[in-house]
Each structure stands twice: as C-alpha cells, then as structure tokens.
Amino acid sequence: MFKMAVYAILVFVTLQRMLELVIARSNTMRLKARGGVEHAPEHYPFMVILHGSWLAGLWWFAPGQSIQPFWLILFFVMQAGRIWVLATLGRRWTTRIITVPGETLVSKGPYRFISHPNYVIVVVEIVALPMAFGLHLFTVLFSLLNALVLVVRIRAENAALRDGLSP
C-alpha cells in the first residue's frame, strides 16, 4: 500500500514539473518575442541537472520507504505556494531569468512579502519531499547543492532585475 502511495506522489511531482517546463518554455518564447533578454544563462544547465537528479534520486530511493505525514503535508502546502507564485507572475513566469525592457517589478501576491518566494518554496520542497520518505542524507546532499545553485541564481536574478526593469 505504501509503495503505491509513494509512486502516486512521485508521478504527481514528475507530471507537475513536466507541465511547468512546458509553461516555462512557452512563456520564455513569448517574453523573448516581446524583446525579453535572458540573463546569466550559463548557470541554467546546473539548475536542470540539480532538479532532474533530485527527482531521479527520489524515484530511485523512495519506493519501499514509509511515508512521514508531517513532511508530506508540508510538501503539499508548498504546492499551494507554488501555484500562488505561478498565478501571480502569469505569463512572466519562467525557469530562466528574462527581463523585458519597460516592464516593472511584480509587487503583488507573495512578492508583497518576500523578494524570491519561489526559491523559499523550492528550498522547502527539496527538504520536505525526501524527508517524507525518510531520506535524511539525500535531503542534506541536495539542500547543499541547491544552496550553491541558489547563491549564483539569486545574485544573477537580482542584478537582472536591477538592470533590466523600469523602476
């Protein structure tokens, strides 16, 4: 029974991420067609490798593990936050750093409270889902790798937003 629940969770997360990549690609093309400029693309492959490895690792290690309800609930609470971020940014949301000249910084939704709500959500997700399966070392490893990527990503995004948008 637990094994089927684990697979259902992993299928959900995999399909969710695949759908997000489709949305991100569509939004990226739309933003670039409007004159959008991509910033710091050199770090993007590392993000893809990190998140792909995280998901593949969960598929490898999670089946057969028992589910820890607290961590699973926390993960699903973060999904509500993820939807809030995507809905707030709408067609401006993408997995890349793209600015469109003349656009202003988004300051509604979760952006009223924090500059980078999506990264807070990702940090919690990278901890919560593996912990839901009791994968402690996996959680530590991917949290450290994610922290390294986020240091580069947030610096690049802050610079792009500072330089690429109207005040």
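Preceding this section is the structure that the text describes.
In this report, we go over the structure that sits alongside the text. What you are looking at is a predicted structure, and each value in this text was computed from that prediction instead of being measured.

Cut-offs and rules
- Residues numbered from 1 in each chain as written.
- Predicted model: local features only at pLDDT ≥ 70, side-chain atom pairs only at ≥ 80, totals over all residues.
- Heavy atoms only, no water.
- Helix = DSSP H or I, 4+ residues; strand = E, 2+ residues; numbered from the N terminus.
- Rg over C-alpha atoms; globule rule 2.2 N^0.38 Å.
- Buried < 20%, exposed > 50% of the residue type's maximum accessible area, 1.4 Å probe, protein only.
- Contact = heavy atoms within 4.5 Å.
- Areas by Shrake-Rupley, 256 points an atom, 1.4 Å probe, with all protein chains shown as cover.
- Lys, Arg positive; Asp, Glu negative; His and termini not counted.
- Charge placed at Lys NZ, Arg CZ, Asp CG, Glu CD.
- Axes fitted to C-alpha atoms, helices over the stretch in contact; angles between N-to-C directions.
- Parallel < 35°, antiparallel > 145°, perpendicular 65-115°, else oblique.
- Left-handed = near helix turned anticlockwise from the far one by under 90°.
- Core = buried A, V, L, I, M, F, W, Y, C linked by side-chain atoms within 4.5 Å.
- Salt bridge = Lys/Arg side-chain N within 4 Å of Asp/Glu carboxyl O.

## Some details on the overall build of the protein
The helix and strand inventory of the protein stands at 5 helices and 2 strands. Tracing the protein from N to C terminus, the helices and strands come up as α-β-α-α-β-α-α. Its C-alpha atoms give the protein a radius of gyration of 17 Å, within 12% of the compact-globule value 15 Å for 167 residues. Considering the protein as a whole, with its 167 residues, one finds that 44% of them fall into the buried category. Considering only contacts in the protein between residues 6 or more positions apart, those separated by 24 or more positions represent 87%. Surface summary for the protein: the accessible area is close to 9400 Å², and the carbon and sulfur share equals 72%. Looking at charge distribution, the protein has the averaged site of its 15 positive side-chain charges lying 5 Å from that of its 7 negative ones.

## A short note on the packing of helix 3 (residues 69-89) against helix 4 (residues 117-132)
Two numbers describe how helix 3 lies on helix 4: the axes approach to 8 Å, and their chain directions differ by 155°. Between helix 3 and helix 4, the angle is such that the two are roughly antiparallel. Here helix 3 runs over helix 4; the crossing is left-handed. Packed against helix 3, whose contacting residues are W71, L72, L74, F75, M78, Q79, G81, R82 and V85, the element helix 4 presents P117, N118, I121, V122, V124, E125, V127, A128, L129, M131 and A132 at the interface.

## Thoughts on the nonpolar core
In terms of nonpolar packing, the biggest core is built from 23 residues, with I9, V13, W54, L58, L129 and F133 touching the most fellow members. Elements supplying a minimum of two residues to this core: helix 1 (2-33), helix 2 (44-61), helix 3, helix 4 and helix 5 (136-164). If we skip the residues at most four places from it in the chain, L129 touches I9, V13, W54, L58, L72 and F75. Counting 9 residues, the second-largest nonpolar core is a separate cluster that includes A24, V85, L86 and W93.

## Section: the pattern of salt bridges
Within this structure, the stated rule accounts for 8 salt bridges. The closest approach of N and O atoms between E125 and R82, which form a salt bridge, is 2.4 Å. One end of the pair, E125, is in helix 4; the other, R82, is in helix 3, with 43 residues separating them in the sequence. Taken as a pair, E125 and R82 share a single burial class, namely buried.

## Observations regarding the environment of Q65
By the element assignment, Q65 lies in the loop between helix 2 and helix 3. Taking the C-alpha atoms as reference points, Q65 and P110, separated by 45 residues in sequence, lie 34 Å from one another.

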